[in-house]
Amino acid sequence: MSNVKVSSQQPVERSSLFANIKSKLPKDTGIFLVMVGIALIFEISGWYVRDQSFLLNPNRLVLIVLQVAIIGIIAVGVTQVIITTGIDLSSGSLIALSAVVAASLAQTSDSLSPMFPSLVNMPAVVPIVAGIGVGLLCGIVNGFLITRTGIPPFIATLGMMVSARGLAQYYTQGNPISFLSDGFTAIGQGAMPVIIFLVVAVIFHIALKHTRYGKYVYAIGGNMTSAKVSGINVNKYLVIVYTIAGGLSGLAGVVLAARVSSGQSSMGMSYELDAIAAAVIGGSSLMGGVGRITGTLIGAVILGLIKSGFTFVGVDAYVQDIIKGIIIVAAVSIDMHRNRKKR
């Protein structure tokens, strides 16, 4: 009898030990290990398929980091929207609109056909502020449409996605805007996009974790009715969240225009989907109330590794999109399963 008791307690003790170890690990340990695993898979595949290293190529790593920086900036805003049970489909189009507006005010007198001949050689701060301002304005519109009219976030931001892209095309008449000032393009060169992304990530990581704003955002996502009953001005904070998301899309558009030294209405195509994917892969729940900036950062890196890795081993671009779609669906399915278990 005593032997039976000891053997029956062992599995319980082991599971308790594993639970204790798991609780002491950082919350993003799992997704971080996934990122490391993906990197190692492409490293091994690189030696097998192309007889060269995937991770030890400086040029490739720089390209991955730069791609991650642009997607990461908008993903920080999208994460906050998702935490409130919302969605933002407009961020890619806002990148284009912000980029062309910023570029049009950053042109130099060397331009053959400046959009505003009387506004050439402007200080770099003018196009930067203008681009971010366009994003903020569109974010405010998204927030007010959702809170004042009751339109679902999916429809409101879908409308903004189409309208902003159309405005960018109308503004440029389909022509690229080039001959931008050195002062403006400096924010897109070298490590600057990465620095900007990391600064944005740190600011909003602190904001979500240690401020009243963050506490209210999680409360709204956890249970909007309870948040209203407890005295939180839900509509006010939803407008703030969508305004921040729009502003970060504007910032991403400015950085992208500076990086490629041009503003084009085709910029940011499908970036909104990559940002949502980065947030969901990083642990943000589409059911609301759950999400971390650190997880989103790792999710963005995973997307960058996947895109660069598949290109490196010679996977067709169309197949890459198929696999990316499967990854998004799998991440959402895991999230739904996790939420069902909690309930």
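A count of helical and extended segments in the protein gives 14 helices and zero strands. Counted from the first residue to the last, the protein has its helices and strands arranged as α-α-α-α-α-α-α-α-α-α-α-α-α-α. For 343 residues, the compact-globule formula gives about 20 Å, and the C-alpha radius of gyration of the protein, at 22 Å, lands near that figure. Summarising its shape, the C-alpha atoms of the protein cover approximately 95 × 60 × 30 Å along the three principal directions. When the accessible surface of the protein is summed, it comes to about 17,100 Å², and 67% of that surface belongs to carbon and sulfur atoms. A gap of 17 Å separates the mean positions of the 23 positive and 12 negative side-chain charges of the protein.

The next point concerns helix 3 (residues 58–83). Relative to the 38 Å expected for 26 residues at 1.5 Å per residue, helix 3 spans 35 Å between its end C-alpha atoms, a close match to the ideal helical length. A maximum bend of about 30° is found in helix 3 at Gly-72. For helix 3, a buried count of 19 out of 26 residues is recorded, marking the element as mostly surrounded by other parts of the structure. Thr-85 occupies a position one or two residues after helix 3 and carries a positive phi of about 70°.

Before going further, it helps to examine the environment of Ser-91. Structurally, the position occupied by Ser-91 is in helix 4 (residues 91–104). For the pair Ser-91 and Tyr-271, spaced 180 residues apart in sequence, the C-alpha separation works out to 7.1 Å. Dropping the residues within four chain positions of it, Ser-91 is found in contact with Ile-74, Val-78, Ser-249 and Glu-272.

Counted as a void, the second largest pocket has a volume near 370 Å³. Surrounding the second largest pocket, 15 residues form its lining, Ser-270, Leu-273, Asp-274, Asp-321 and Lys-324 being those nearest its centre. For the lining of the second largest pocket, the elements supplying multiple residues, two or more each, are helix 12 (271–281), helix 13 (293–313) and helix 14 (317–342).

Taken together, the buried positions of helix 9 (residues 212–222) are Tyr-213, Gly-214, Tyr-216, Val-217, Ile-220 and Gly-221. With its buried residues spanning 165° around the axis, helix 9 presents them on a single face. Facing away from the buried side of helix 9 by over 90 degrees, the exposed positions are Arg-212, Lys-215 and Gly-222. Where helix 9 is buried, its residues meet helix 3, helix 8 (192–210), helix 10 (224–229) and helix 11 (234–260).

Another aspect to go through is the side chain of Ser-249. You can see Ser-249 is positioned in helix 11. Overall, the relative accessible area of 1% leaves Ser-249 in the buried class.

Two descriptors summarise a pair of aromatic rings, namely the distance from one centre to the other and the angle between the planes of the rings. Within this structure, the stated rule accounts for six aromatic pairs. A ring pair is formed by Phe-54 and Phe-312, whose centres lie 5.5 Å apart and whose planes are at 45°; its orientation type is tilted. Linking Phe-54 in the loop between helix 2 (29–49) and helix 3 with Phe-312 in helix 13, this pair joins segments that are 258 residues apart in sequence. Take Phe-312: its relative accessible area is 3%, and that puts it in the buried class. Judged by centre distance (6.4 Å) and plane angle (55°), the ring pair of Phe-116 and Tyr-171 falls under tilted. Here Tyr-171 lies in helix 6 (residues 153–172) and Phe-116 lies in the loop between helix 4 and helix 5 (125–149), a separation of 55 residues in the sequence. Of the aromatic side chains, those joined through ring pairs into one cluster are Phe-42, Phe-54, Phe-310 and Phe-312.

Rules and cut-offs
Residues numbered from 1 in each chain as written. Predicted model: local features only at pLDDT ≥ 70, side-chain atom pairs only at ≥ 80, totals over all residues. Heavy atoms only, no water. Helix = DSSP H or I, 4+ residues; strand = E, 2+ residues; numbered from the N terminus. Rg over C-alpha atoms; globule rule 2.2 N^0.38 Å. Areas by Shrake-Rupley, 256 points an atom, 1.4 Å probe, with all protein chains shown as cover. Lys, Arg positive; Asp, Glu negative; His and termini not counted. Charge placed at Lys NZ, Arg CZ, Asp CG, Glu CD. Expected span 1.5 Å × (residues − 1). Bend = angle between axes of the 7 residues up to and from the residue. Buried < 20%, exposed > 50% of the residue type's maximum accessible area, 1.4 Å probe, protein only. Contact = heavy atoms within 4.5 Å. 1 Å grid on protein atoms, 1.4 Å probe; cavity = no way out; pocket = protein on both sides within 12 Å on 5 of 7 lines; lining within 4 Å. Points joined across faces, edges and corners; volume = space filled by probe spheres on them. Arc of directions from axis to C-beta. Phe/Tyr/Trp six-rings, centres within 6.5 Å; stacked < 30°, edge-to-face > 60°.

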